Structure formats: C-alpha cells, structure tokens
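Structural description and commentary
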Amino acid sequence: MISKYSKVAIAFHWLIALLVITNFVLASMAEDLPREAQGALMAPHKAIGISILTLSLLRLFWRFGHKPPPLPAAIPAWQAGMGKFVHFLFYFLIIAVPLSGWLMASAHPQAPPVDFFGLFDATMPIGKDKALAGIGHEVHEVLTKPLFLLIILHIIGALKHQFADRLPFIQRMWP
Ligand code: HEM
Ligand code: HEM
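Residues numbered from 1 in each chain as written. Chains lettered and ligands numbered in written order. Predicted model: local features only at pLDDT ≥ 70, side-chain atom pairs only at ≥ 80, totals over all residues.

What follows concerns the overall build of the chain. Along its length, the chain carries 4 helices and 2 strands. Along the chain, helices and strands appear, N-terminal first, in the series α-α-α-β-β-α. In terms of overall dimensions, the chain has C-alpha extents of about 55 × 35 × 25 Å along its principal axes. Burial statistics for the chain: of 175 residues in total, 17% are counted as buried. Of all intrachain contacts in the chain linking residues separated by at least 6 positions in sequence, the fraction that spans at least 24 positions is 72%. (Helix = DSSP H or I, 4+ residues; strand = E, 2+ residues; numbered from the N terminus. Buried ≥ 20, exposed ≤ 12 C-beta atoms within 10 Å, placed from the backbone. Contact = placed C-beta atoms within 7 Å.)

Written out as structure tokens, the structure is:
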C-alpha cells in the first residue's frame, strides 16, 4: 500500500509546477526579442505569475492543516531532512518570486498597467516608485536562480528515489 498525498495536494502541486515552468519558458523566450515584441510574452508571464502567487498562498494555508503522508522507511533521515528543507524553500520562493515581479511591474514608472488576461487591471495600488521597482527587479532576478536550481534538484531527487532506490516515490504525488 503506497501512502499518497491527498487529491488537493496533488492538484496544487501539478497546477503550480506547470505554471512555474511555463513562466520560465516565457521569460527565456522573451529575453532575446526586441523590446516591443517582449510585451506579447511578458503580459501572460505577469498574469500567470499572479495566478501562481494566489495559488501558492492558498496552498500554504491549506498545507498548515494537512501533513504529508509518511515517507517510505527506506529513505535515510538526512535525505528526508533535505527533502523537507527543499520543500520549505519552494514555498518561500513560489511566493517571493511572483511577489517581487508584481512589485517591479506595478511600481516601474514606464511599465504599462499589469493586465490579468484581459479581465481586469491587476496593478498593485502602490503608485509609481523607481527605487521600489528597482528592489523588486533585483529580488526577482536573484531569486529566480535558486528557484530554477531547486526544481532541477527536486526532479533529480524524485527520479533517484523512484529508479535508483526502486521505491514507489513519484506515485506519492501522482494523480
Ligand atoms: C516545477 C516546479 C515544482 C515545484 C515548485 C514543486 C514543489 C513541490 C513541493 C513544495 C513539494 C512538497 C509538498 C508538500 O509537502 O507540501 C513537492 C513534492 C513532490 N514533488 Fe514537486 N515540485 C515541482 C515539480 C516536480 C516534478 C517535475 C516532479 C516529478 C519528477 C515532482 C515530484 C514531486 C514528488 C514525488 C513530491 C513528493 C515528495 C515527498 O513525498 O516527500 N515535482 N513538490
Ligand atoms: C513564479 C512566478 C515567476 C517566475 C518563475 C518568473 C521568472 C522570471 C524569470 C526567469 C525572468 C528573467 C530574469 C532574468 O532576466 O534573469 C523574469 C523576468 C521578469 N518577470 Fe517574472 N517570474 C514570475 C512572476 C512574475 C510576476 C508575477 C511578474 C509581474 C506581475 C513578473 C514580471 C517580470 C518582468 C517584468 C520581467 C523582466 C525583467 C527585466 O526586464 O529584466 N514575473 N521572470
């Protein structure tokens, strides 16, 4: 009998993972384009990012009341500890990265209003402030790097437990 995360945890996990990966793809596609063309990719980047922030906050609150299922006994304590630490950092980053991006995009004097999929204006009501936008930009650029590294580390860890240790591990988080 494999102990699994609940349906809610699994839905949050894969929806957020998919959106985070999409945002990395959009940002890297936009990087090499001329300024005017970047907007077409960065508008969905911003709206998807705000969706990630909202879902991550909901997920975190939900998580406080719901413990993960017990790990397979074969996983040594230090690896279980590392997993916990990575998950903790993930929760921090999937909140801090979109929050800093949203701050930058809202406070920048030359930035257009933050559009949420054409539905409404999602600009933070903080006014234009170049210094604040600069802080948001700096934090966003710095924190996307550890988030990227953590995703790689997390995938390697999951594959290692699944295939090298031959444990039913990915099933824990599989729909
Ligand atoms: C791309 C962004 C991803 C993020 C931000 C992410 C984040 C997380 C977080 C925060 C947890 C801990 C859940 C909790 O205890 O509340 C988790 C668990 C897990 N993730 Fe991911 N994940 C991502 C992608 C992936 C991918 C691609 C895989 C598949 C290889 C994967 C496989 C797993 C598994 C198997 C667990 C359960 C770990 C355990 O039982 O301790 N994740 N993930
Ligand atoms: C988890 C969600 C997000 C991820 C993973 C993400 C990722 C990234 C990455 C990798 C870059 C390129 C950074 C670099 O140049 O090194 C970037 C740039 C950018 N992001 Fe995000 N982002 C997210 C959320 C947001 C949000 C919510 C907004 C705004 C509402 C936003 C606005 C921007 C802008 C305006 C840039 C371009 C900055 C520049 O001109 O250098 N991002 N993002």
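Close contacts around ligand 1 come from 20 residues, with Ala17, His87, Phe90, Ala158 and Met173 the closest. Of all the secondary-structure elements, those providing two or more residues to the shell around ligand 1 are helix H1 (7–31), helix H3 (77–107) and helix H4 (130–164). Partitioning the shell around ligand 1 into residue classes produces 14 nonpolar, 4 polar and 2 charged. (Near = placed C-beta within 6 Å. Nonpolar A, V, L, I, M, F, W, Y, C, P; charged D, E, K, R; others polar.)

The immediate surroundings of ligand 2 are formed by 22 residues, with Ala27, Lys46, Gly49, Gly101 and Ala105 found nearest. Counting only elements with at least two residues in the shell around ligand 2, the list comes to H1, helix H2 (35–64), H3 and H4. Of all the elements, H3 adds the most residues to the shell around ligand 2, at 7 residues. Class assignment for the residues of the shell around ligand 2 results in 14 nonpolar, 6 polar and 2 charged.

No statement about biological role is implied by the geometric values presented.
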